[in-house]
Amino acid sequence: MKLTVFYDGQFWIGVVEQKEGEAIKAVRYVFGSEPKDDEVLAFVNGPMLSLLHKCRTTTAVPLEMKKRKNPKRLQREAAKEMKTRPLSTYAQTALQLELEHRKKERKVLRKELREALIKRKRELKRLKAKAKHRGR
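Computed from a predicted model, the values in this text were never measured in an experiment.

*Asks:* Honestly, the overall build of the protein in this entry has me stumped. Any pointers?
*Replies:* Across its full length, the protein holds four helices and four strands. Listing the helices and strands of the protein from first to last along the sequence gives β-β-β-α-α-β-α-α. Relative to the compact-globule value of 14 Å for 136 residues, the protein shows a C-alpha radius of gyration of 25 Å, a clear excess of over 25%. Reported as C-alpha extents along the three principal axes, the dimensions of the protein are approximately 95 × 35 × 25 Å. In the protein, buried positions account for 20% of the 136 residues. A fraction of 55% describes how many contacts in the protein between residues 6 or more apart in sequence connect residues 24 or more apart.

Next up, the structure:
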């Protein structure tokens, strides 16, 4: 699991990437103003796991061979990663899939609500017409 906090020009954003085997889940969280260390810790201890559990989409990532690396090499790679772009393309793909999934869910829900409203209006209209002809 990896948490990356970066500034996108308007807000401070945290991206959590969770890798399970060949699948990766990514969740985006907006901090707003620059988060202090205790705010990041509160996020990690609080809503981070619930956000990851809500994420339903995953992206396939090729499984890498795990081999013990030299500590100096690890240190160089960590420094290099700090200088590069904050998000991996796999995380971006996972975020995009999750966004599309939520979009589809909202679309279905809106359609159901709209149909229910039309059905209700039709029923009221029918009852009103029936009430007009009651006295005959």
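*Asks:* Help me understand the pattern of salt bridges, please; the structure alone is not making it clear to me.
*Replies:* Throughout the structure, instances matching the rule amount to two salt bridges. For the salt bridge of Glu 77 with Lys 69, the shortest nitrogen-to-oxygen distance reads 3.2 Å. Its salt-bridge partner being Arg 126, residue Glu 123 comes within 2.5 Å of it at the nearest N-O pair. Of this pair, Glu 123 and Arg 126 both sit in helix 4 (residues 89-132), separated by three residues, roughly a single helical turn. Under the relative-accessibility criterion, Glu 123 is labelled partly exposed at 36%. In this structure Arg 126 comes out as partly exposed when scored by relative accessible area, which is 42%.

*Asks:* Would you mind showing me how to read the sheet that holds strand 3 (residues 23-32) here?
*Replies:* Backbone hydrogen bonds are what pair the strands of a sheet, in a parallel or an antiparallel way. With antiparallel pairing, the four strands of this open sheet are ordered in space as 1-2-3-4. Both edges of this open sheet fall to strand 1 (2-7) and strand 4 (59-60), since each of them pairs with a single strand only. Along the sheet face, helix 4 touches strand 2 (12-20), strand 3 and strand 4 and points at about 80 degrees away from the line of strand 3.

*Asks:* I keep staring at a positive patch on the surface and nothing clicks. Help me out?
*Replies:* A contiguous patch of positive charge on the surface is contributed by Arg 102, Lys 103, Arg 106, Lys 107, Arg 110, Lys 111 and Arg 114. As for its placement among the helices and strands, Lys 103 is situated in helix 4. For Lys 103, a relative accessible area of 52% gives the class exposed.

*Asks:* I would appreciate a short explanation of the UniProt feature "coiled-coil region" (unreviewed entry) in the protein in the present structure.
*Replies:* Following the UniProt record, the feature "coiled-coil region" (unreviewed entry) maps to residues 99-134 here. End-to-end, the C-alpha atoms of residues 99-134 are 53 Å apart, and along that stretch the chain is 94% helix and 0% strand.

*Asks:* Looking at this structure, how should I read the packing of aromatic side chains?
*Replies:* Within a pair of aromatic rings, the relevant descriptors are the distance that separates the centres and the angle that separates the planes. Scanning the entire structure with this criterion turns up four aromatic pairs. Where Tyr 7 meets Trp 12, the ring centres are 5.3 Å apart and the plane angle is 45 degrees; that geometry is what we call tilted. Taken together, the ring pairs in this structure connect Tyr 29, Phe 31 and Phe 43 into an aromatic cluster.

Conventions used here
Residues numbered from 1 in each chain as written. Predicted model: local features only at pLDDT ≥ 70, side-chain atom pairs only at ≥ 80, totals over all residues. Heavy atoms only, no water. Helix = DSSP H or I, 4+ residues; strand = E, 2+ residues; numbered from the N terminus. Rg over C-alpha atoms; globule rule 2.2 N^0.38 Å. Buried < 20%, exposed > 50% of the residue type's maximum accessible area, 1.4 Å probe, protein only. Contact = heavy atoms within 4.5 Å. Salt bridge = Lys/Arg side-chain N within 4 Å of Asp/Glu carboxyl O. Pairing = 2+ DSSP bridges. Axes fitted to C-alpha atoms, helices over the stretch in contact; angles between N-to-C directions. Patch = residues over 30% accessible without salt bridge, like charges linked within 9 Å, V, L, I, M, F, W, Y side chains within 5 Å. Areas by Shrake-Rupley, 256 points an atom, 1.4 Å probe, with all protein chains shown as cover. Lys, Arg positive; Asp, Glu negative; His and termini not counted. Charge placed at Lys NZ, Arg CZ, Asp CG, Glu CD. UniProt positions renumbered as here; feature names shortened; annotations may be inferred. Phe/Tyr/Trp six-rings, centres within 6.5 Å; stacked < 30°, edge-to-face > 60°.

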